[in-house]
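Here are the chains, one letter per residue:
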Amino acid sequence: MTTNIALVGIGKIARDQHIPAIGKSTGFTLSATASRSARVEGIASYTSLEQLLDAERDVSAVSLCTPPQVRYTDARCAIAAGRHVMLEKPPGATLAEVRDLAARARSAGVTLFASWHAREAAAVDAARAWLADRTIHAVQITWEEDVRVWHPGQDWIWAPGGLGVFDPGINALSVMTTILPGAVHLAEAELAFPANRATPIAATLQFSSDFAADISASFDWRRTGRPAWTITLDTSDGEAVLSEGGARFTVAGRDVIGGEDEEYQRLYARFADLIATGSSDVDDSPLVHVADAFMIGKRRTIDPFEW
């Protein structure tokens, strides 16, 4: 028996990933959508989540793909209506919002799932298992892409709460917090802000930990051509590389594992399991690092950015 689910926010990520993943899911049936201007052919459509929840009483789960600045209000609404909620990454615009939603879900007895799709990449689990038995000397994260290709015309990412380059960068942080064998904290950061934008286009980060001498990251939206979504680790058994956003893991140049993109299918399988067991999963550790970067990072103003 499948769970009827509603999709809220029918934009690029919903069409590219969520709709196909739900279509392949054995746990969910897409029964309704809510969007101010977009529709999915053959599916009941509403212009607000409130209308959807009132009309579609058989919908017991909601997946929110709206920008993070407005996600909190929708999540509160769905939780108050007794519906299970899955949050796209980042789970909110602030840590306080995410933690409040977790408390509300507990009180309401519903599932809240703060999803991190990059953690579900094909080689992430293998990398974590391999690293557990090695000494890590250094980690270099390079997460760079062309914003015009991956976020075409999406002005919300440049507004406060939109995270800027940390929107993709938080994917790297979600993987980092999964594969490394201990806790890290941000020690230094420098953020490059276009003169006409409220969020950064590039960032460099330096972390501290008890298990590695050097952990650093470079996020940049100005890269052209092929993107670089790579974590390179200097270990006691040589260089290990988690590349292609987590889809491929190599050690000393030899493939350990690689696979197809099934990240969102795995997310929806996880959401179904959480609902079945009456559990929630609200890990906000990647967002903590982003918040810390905005708090302690040095700000550098650069030339304006135009689409």
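Residues numbered from 1 in each chain as written. Predicted model: local features only at pLDDT ≥ 70, side-chain atom pairs only at ≥ 80, totals over all residues. Heavy atoms only, no water.

Scanning the chain for helices and strands turns up 9 helices and 15 strands. For 307 residues, the compact-globule formula gives about 19 Å, and the C-alpha radius of gyration of the chain, at 19 Å, lands near that figure. Of all 307 residues assigned to the chain, the portion counted as buried reaches 52%. When contacts within the chain are restricted to residue pairs at least 6 apart in sequence, long-range pairs at least 24 apart make up 72% of them. (Helix = DSSP H or I, 4+ residues; strand = E, 2+ residues; numbered from the N terminus. Rg over C-alpha atoms; globule rule 2.2 N^0.38 Å. Buried < 20%, exposed > 50% of the residue type's maximum accessible area, 1.4 Å probe, protein only. Contact = heavy atoms within 4.5 Å.)

The subject of this paragraph is the packing of aromatic side chains. A full pass over the atoms with the stated rule returns 10 aromatic pairs. Both rings, one in Trp158 and one in Trp221, keep their centres 5.2 Å apart while their planes meet at 65°; by these two values the pair is edge-to-face. With Trp158 in the loop between helix H6 (147-150) and helix H7 (166-179) and Trp221 in the loop between strand E10 (214-220) and strand E11 (228-235), the pair connects residues that are 63 residues apart, well separated along the chain. For Trp158, a relative accessible area of 3% corresponds to the buried category. Look at Trp221 and you get buried, because its relative accessible area is 1%. Here Trp158 and Phe305 contribute two aromatic rings whose centre-to-centre distance is 4.8 Å and whose plane-to-plane angle is 35°, an arrangement assigned as tilted. Of this pair, Trp158 sits in the loop between H6 and H7 while Phe305 sits in the segment after strand E15 (298-302), and the two are 147 residues apart along the sequence. The residues Trp158 and Phe305 share a single accessibility class, namely buried. Site record: aromatic cluster; members linked through ring pairs are Phe28, Phe113, Tyr268 and Phe271. (Phe/Tyr/Trp six-rings, centres within 6.5 Å; stacked < 30°, edge-to-face > 60°.)

Judged by pairing direction, the sheet is parallel, and its 6 strands sit side by side in the order E3-E2-E1-E4-E5-E6 without closing on themselves. Each of the sheet's edge strands pairs with one partner strand only, and the pair in question is strand E3 (44-46) and strand E6 (112-114). On average, each strand axis in the sheet is inclined to that of its neighbour by 25°, with strand direction left out of account. Of the strand pairs in this sheet, strand E1 (residues 3-8) and strand E4 (residues 61-64) are connected by 4 bridges, and their pairing is parallel. Each residue of the ladder has a partner; that of Val8, found in E4, is Leu64. (Pairing = 2+ DSSP bridges. Axes fitted to C-alpha atoms, helices over the stretch in contact; angles between N-to-C directions.)

Another aspect to go through is the pattern of salt bridges. It is possible for side chains of opposite charge to pair when their charged atoms get near one another. The final tally for this structure, using the stated rule, is 16 salt bridges. With its nearest N and O atoms 2.9 Å apart, the salt bridge here joins Arg134 to Asp237. Of the two residues, Arg134 sits in the loop between helix H5 (124-131) and strand E7 (136-144) while Asp237 sits in the loop between E11 and strand E12 (238-243), which places them 103 residues apart along the sequence. Residue Asp237 is classed as partly exposed on the basis of its relative accessible area, which comes to 44%. (Salt bridge = Lys/Arg side-chain N within 4 Å of Asp/Glu carboxyl O.)

The element E11 is extensively covered by neighbouring structure, given that 6 of its 8 residues are classed as buried. By the bridge criterion, 8 bridges tie E7 to E11 in an arrangement that is antiparallel. From the neighbouring strand, Ala138 faces E11, where its bridge partner is Asp234. Examined bridge by bridge, E11 and E12 share 5 bridges and lie antiparallel to one another. Pairing of Leu233 across the sheet is with Ala240, part of E12. The loop that links E11 with its antiparallel partner E12 comprises 2 residues.

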